[in-house]
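Observations on the model geometry
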Amino acid sequence: MRFALSEISTVNASFGEDVAAYAAAGFDGIGIWEMKLPDDDVANIALLHDAALGVANCIPKIPSILPLRLPGMEGPPDPAERIDALCASVRRLAAFEPECVICLTGPAGDLEPARARDLVINGLGEVAAAAREAGVRFGLEPAHPAQYETVSFVNTIADALALIGDAGLDDVGIMADTYNLWHERPEAFASIAPRVTGLHVADEPPDLGRTDRVLPGEGGRQSADIVGALVAAGWDGYLDVEIFSTPDLFWGLPVDEAARRAHAAVSRL
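Residues numbered from 1 in each chain as written. Predicted model: local features only at pLDDT ≥ 70, side-chain atom pairs only at ≥ 80, totals over all residues. Heavy atoms only, no water.

Structural notes on the sheet that holds strand β3 (residues 54-55)
In sheet architecture, strand pairing relies on hydrogen bonds along the backbone and comes in two forms, parallel and antiparallel. Just so we agree on the cut-off: For two strands to be treated as a pair, DSSP must find no fewer than two bridges joining them. Think of it this way: any DSSP run of H or I at least four residues long counts as a helix, any run of E at least two long counts as a strand, and we number them from the N terminus. Residue contacts follow a heavy-atom distance rule, with two residues in contact if any of their heavy atoms lie within 4.5 Å. As a rule, the C-alpha atoms of each element are fitted with a line to give its axis, helices using only the stretch in contact, and angles between N-to-C directions run from 0 to 180 degrees.
Strand order in the open sheet formed by 9 strands is β3-β2-β1-β9-β8-β7-β6-β5-β4, and the pairing between neighbours is parallel. Looking at the sheet topology across the chains shown, the edges are occupied by β3 and β4 (57-58). Of the pairings in the sheet, the one linking strand β1 (residues 2-6) to strand β2 (residues 29-31) comprises 3 bridges and is parallel in character. Directly across from Leu5, in β2, lies its bridge partner Ile30. Those strands touched by helix α1 (residues 15-25) are β1 and β2, and its axis lies near 145° from that of β2.

In structure tokens form, the structure reads like this:
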């Protein structure tokens, strides 16, 4: 089993600092957030090679077809501009030979639900074509149900399969996330193992009312059970730890300490 850490987990560190800390902590790979990448990709790829880090899942600079309703992550309002940016990101990130490049739908916002769905289906087709041409796997990521109005109207495995099916995109997979799909049974993950392009791992906090994520294992056995079900079904991708937090919690840790804690947690899975 290979372990990776998604760069949003150490949001205040640079790409270079992430690479050094993740390698030192013992990770096999890195989950790239494009917003952190310096412009020189030849140098970026060389840095990863020197650190012996593979690339797990890549998150484009503009990660959704419809605008996110998250402070600082809204991006351009025009879906056509966002789709063009996503296609450009897919082509760029393919050079890093990642496990997959991911995409979110975004929330419907002020659009009629049917109109939002049509825009997303058309956009998925364009981005999937770019991924096919670039030779990289492409996965649609469902969001947590609490993020229906801010991140995505796709919040279950069934939602994702239905949308991909309506788009007629048999080669588009599902970017699974143990936090986002905390409500799903492990057997549901096993049933789609061949279509899982990547896996983010994090737990829901045990304390009610918190909206951050905690390291796998800190919220119970659900992440371990999901991983176990996927592995038993033949899935063998990266366990890519992804922590959204706050400055007074995980995001406040120095990058080296955060990487060490994340590696210790995912190793116990």
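Next comes the rest of the description.
Thoughts on α1
Quick reminder of the rule: Note on classification: 1.4 Å probe, protein chains only; a residue is buried when its accessible area is under 20% of the maximum for its type, exposed when over 50%, partly exposed between these limits.
Among all positions in α1, only Phe15, Asp18, Val19, Ala21, Tyr22 and Ala25 are buried. Considering only its buried residues, α1 is in contact with β1, β2, α2 (41-51) and α8 (255-267).

Quick word on the environment of Met73
On the secondary structure map, Met73 appears in the loop between β4 and α3 (79-94). Once the C-alpha coordinates of Met73 and Glu257 are considered, the two residues, 184 residues apart in sequence, prove to be 26 Å apart.

A closer look at a negative patch on the surface
Going by this rule: Candidates for patches are residues over 30% relative accessible area with no salt bridge; among them, like charges are joined within 9 Å and nonpolar side chains (Val, Leu, Ile, Met, Phe, Trp, Tyr) within 5 Å. Throughout, the Shrake-Rupley method with a 1.4 Å probe supplies accessible areas, and for residues the shown protein chains are the sole cover considered. The salt bridge criterion pairs a side-chain nitrogen of Lys or Arg with a carboxyl oxygen of Asp or Glu, the two atoms within 4 Å. Neither His nor the chain ends contribute to the count of charged residues, in which Lys and Arg are positive and Asp and Glu negative. Note that the charge is assigned to NZ on lysines, CZ on arginines, CG on aspartates and CD on glutamates.
On the surface, Asp78, Glu81, Asp84 and Glu126 cluster together into a patch of negative charge. In this fold, Glu81 is placed in helix α3. For Glu81, a relative accessible area of 44% corresponds to the partly exposed category.

Regarding the environment of Val90
Within the fold, Val90 resides in helix α3. Assessed through its relative accessible area of 1%, Val90 is described here as buried. Measuring from C-alpha to C-alpha, the distance between Val90 and Gly135 comes to 9.7 Å, with 45 residues separating the pair along the chain. Beyond its immediate chain neighbours, meaning those up to four positions away, Val90 contacts Val101, Val127, Ala130, Ala131, Ala134 and Val136.

Details of the packing of aromatic side chains
This is how the line gets drawn: What counts as a ring pair is set by centres within 6.5 Å for rings of Phe, Tyr and Trp (its six-membered ring), and what kind of pair is set by the plane angle: stacked under 30 degrees, edge-to-face over 60, tilted for all other angles. A ring is scored as having a charge over it whenever the NZ atom of a lysine or the CZ atom of an arginine sits within 6 Å of its centre and within 35 degrees of its normal.
Under the definition given, this model contains 3 aromatic pairs. Ring centres 6.4 Å apart and planes at 50° place the aromatic pair Phe244 and Trp251 in the tilted group. Following the ring pairs from residue to residue traces out a cluster consisting of Trp33, Phe244 and Trp251. Lying across the ring of Tyr238, Arg2 places its NZ or CZ 4.1 Å from the centre.

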